[in-house]
Amino acid sequence: MEQKMLEKYAHLLVHAGLNVQKDQEVIISASVEQYPFVELLTKTCYEAGAKEVRVEWSFAKKRLLDYTYASAETLGQVKPWEEAKMAQQAEDCPAMLHIMSDGPDAMNGMDAEKFATVTQARQKVMKPYRSKMDGKYQWLIAAVPSPEWAKKVFPTLGEDEAVEALWREIMRTCYVTEDNDPVTARQAHDRYTMAKADWLTKQGFASLRYHSANGTDFTVELIPGATWCAAGETNSTNGAFYVPNMPTEEVFTSPMAGRCEGTLVSTKPLSYNGQMVENFSVTFRDGKAVSCQAEVGQAVLEKIISMDEHACMLGEVALVAKESPINQSGLLFYNTLFDENAACHVALGRGFKEILPDGAQLTVEEAEQRGINDSIVHVDFMVGSDDLSIVGVKPDGTEVPVFVNGTWATA
Ligand code: ZN
């Protein structure tokens, strides 16, 4: 990818995405393989006024070795210095930019059981700090292609061509072109999805009813007074508006935990920590996933659903029109950041307390009492199809079409 385009992309991430403020601390996390782009990002953050930019490097191949040789007990242990660092971070609330680049197979061969044990042990210590930081810092997840990931998306191309092709898709789906100002383009699109979110919030639907020829037949209740979100959020400590995912097309909320019924049929494969789940359906009774069928990855799907007590309940419902550039590309990116922005989806597990008007002030327990699911997992899967219809039902029973044939019922 040409340097000029990379600079535009870095500019987009730092300004329209993370929105780095003067004298703010920034933490970038990225794979060691992405050091040239991280250098560019670091420079762009400093130019935007960052006080200090720190980088936390990772390396999937090393992580896989950890899971092969070290015990679950060792890996699950949070050392005092790690906890102190996390406590400091929860105090300082630095802006966090996560660069995602690993291919979906990066952790192939990892013991799913061990991963679940380690995740649970670490979360037990880390979660209070994460909860404390919720809504108080700017964050962004964005992508840079690695050869492995690019080859997965474009298996017939050579390595260099595949990386170039994936870069082009990242630029296109993030609205970065040769001759535009990507920040302006991004903001125009964000206004559109945020208007949709406002409309949904004002409708005050009690429930949404999904229907599709593939077998999806599902009803989910919504939380009274909850808001729908799109594109960006505001950091409650400094008022900075940031866009936490790039690309982003979705309009989403957290549904009432434990209140849904019926079957959702997946329309795209799910890549979970490098493991694939394909052609699957999940059936809910009394708000809980009671059964699932997958042609590929049945065990992985069952593991996700049983990760903890509330992983079987929904934490998110999201609406994405079929015109989304990610869907239009016809590609499977094997990466939730992209694939979840291709189609309507739901997420098993953790919900977002920020969708409650007073959410930022609530503890996780208080939010849970109001219907926001809490879990150590948050796993999205796609249910949007070209014929998906979604009907909004108001508390008085009035029905309003929300989605018709896979897209917004009204422009
Ligand atoms: Zn989502």
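No experiment lies behind these values; they were computed from the predicted model shown.

Concerning the pairing of strand E5 (residues 207–211)
Here is the key point about a regular strand: its side chains alternate between the two faces of the sheet.
Piece 1. Two strands pair when backbone bridges link them, and E5 and strand E6 (residues 217–222) are joined in this way by five bridges, in the antiparallel orientation. Considered in E6, the bridge of histidine 211 is made with aspartate 217.
Piece 2. From the end of E5 to the start of E6, which pair antiparallel, there are five residues, and glycine 215 there has a positive phi angle of about 115 degrees.
Piece 3. Across five bridges, E5 lies against strand E18 (residues 389–393) in antiparallel orientation. What sits directly across from leucine 208, in E18, is glycine 392.

Concerning the pairing of strand E19 (residues 399–404)
Piece 1. Where E18 lies against E19, four bridges are found, and the strand directions are antiparallel. For valine 391, the partnering residue across the bridge sits in E19 and is proline 401.
Piece 2. Hairpin connection of E18 to E19: five residues between the antiparallel strands, including glycine 397 at a positive phi of 95 degrees.
Piece 3. The pairing of E19 with strand E20 (residues 407–408) spans two bridges and is antiparallel. Bridge pairing in E20 links valine 404 to threonine 407.
Piece 4. Counting the residues in the hairpin turn of E19 and E20 gives two residues, including asparagine 405, whose phi is positive at 45 degrees.

So, the coordination of the zinc ion
Piece 1. Coordination sphere of the zinc ion, protein contribution only: Glu250 (OE), Glu316 (OE), Glu340 (OE) and His345 (NE2), at 2.0 to 2.4 Å.
Piece 2. Geometry at the zinc ion is irregular, judged from the four donor atoms that bind it and their angles of 79 to 162 degrees at the metal.
Piece 3. Along the chain, the residues donating to the zinc ion are arranged with the sequence spacing E-x65-E-x23-E-x4-H. With glutamate 316 in strand E15 (residues 314–319) and histidine 345 in strand E16 (residues 345–349), this pair connects stretches of sequence that are 29 residues apart. The pair formed by glutamate 316 and histidine 345 is uniform in burial state, with each residue classed as buried.

Regarding the nonpolar core
Piece 1. Within the largest apolar cluster, 56 residues are counted, with the highest numbers of intra-cluster contacts made by Tyr210 and Leu319.
Piece 2. When residues no more than four places from it in sequence are discounted, the contact partners of leucine 319 are Leu200, Tyr210, Trp228, Glu249, Glu250, Val251, Cys344, Ile390, Val402, Phe403 and Trp408.
Piece 3. In this structure, Trp149, Ile326, Phe333 and Leu337 belong to the second largest nonpolar core, which totals 50 residues.

Some remarks on the sheet that holds strand E17 (residues 378–382)
Piece 1. In spatial order, the strands read E7-E10-E15-E16-E17; together these five strands make up an open sheet with antiparallel pairing. For this open sheet the edge positions go to strand E7 (229–230) and E17, each flanked by a neighbour on one side alone.
Piece 2. Alignment of strand E10 (residues 251–253) against E15, held across three bridges, turns out to be antiparallel. By the bridge assignment, threonine 253 is partnered in E15 with valine 317.

Remarks on the sheet that holds strand E1 (residues 25–31)
Piece 1. The strand order across the open sheet formed by four strands is E2-E1-E3-E4, and the pairing between neighbours is parallel. Only two strands of the sheet have a single neighbouring strand rather than two, namely strand E2 (52–58) and strand E4 (139–143). In this sheet, adjacent strand axes meet at a mean angle of 15 degrees when their direction is disregarded.
Piece 2. Pairing between strand E3 (residues 95–100) and E4: five bridges, direction parallel. Residue pairing for E4: methionine 96 is matched across the bridge by tryptophan 139.

Details of the pattern of salt bridges
Piece 1. Overall, the coordinates contain 16 salt bridges when judged by the stated rule.
Piece 2. Put simply, aspartate 190 and arginine 186 hold a salt bridge, and the shortest N to O gap is 2.8 Å. With aspartate 190 and arginine 186 both in helix H9 (residues 182–203), this residue pair falls four residues apart, about one helical turn. Each member of the pair, aspartate 190 as well as arginine 186, carries the same accessibility label: buried.

Looking at unusual backbone geometry
Piece 1. With an omega of 5 degrees, the peptide bond between methionine 246 and proline 247 qualifies as cis.
Piece 2. With respect to the element layout, proline 247 can be found in the loop between strand E9 (241–242) and E10.
Piece 3. Backbone geometry places tyrosine 175, a non-glycine residue, at a positive phi of 60 degrees.
Piece 4. If you trace the backbone, tyrosine 175 turns up in the loop between helix H8 (159–173) and H9.
Piece 5. Residue class for tyrosine 175 comes out partly exposed when judged on its relative accessible area of 22%.

Quick notes on the rules
- Residues numbered from 1 in each chain as written.
- Predicted model: local features only at pLDDT ≥ 70, side-chain atom pairs only at ≥ 80, totals over all residues.
- Heavy atoms only, no water.
- Pairing = 2+ DSSP bridges.
- Helix = DSSP H or I, 4+ residues; strand = E, 2+ residues; numbered from the N terminus.
- Donors = N, O, S within 2.8 Å, 3.2 Å for Na, K, Ca; no water.
- Tetrahedral: all angles 85-135°; square planar, octahedral: opposite > 155°, others 65-115°.
- Buried < 20%, exposed > 50% of the residue type's maximum accessible area, 1.4 Å probe, protein only.
- Core = buried A, V, L, I, M, F, W, Y, C linked by side-chain atoms within 4.5 Å.
- Contact = heavy atoms within 4.5 Å.
- Axes fitted to C-alpha atoms, helices over the stretch in contact; angles between N-to-C directions.
- Salt bridge = Lys/Arg side-chain N within 4 Å of Asp/Glu carboxyl O.

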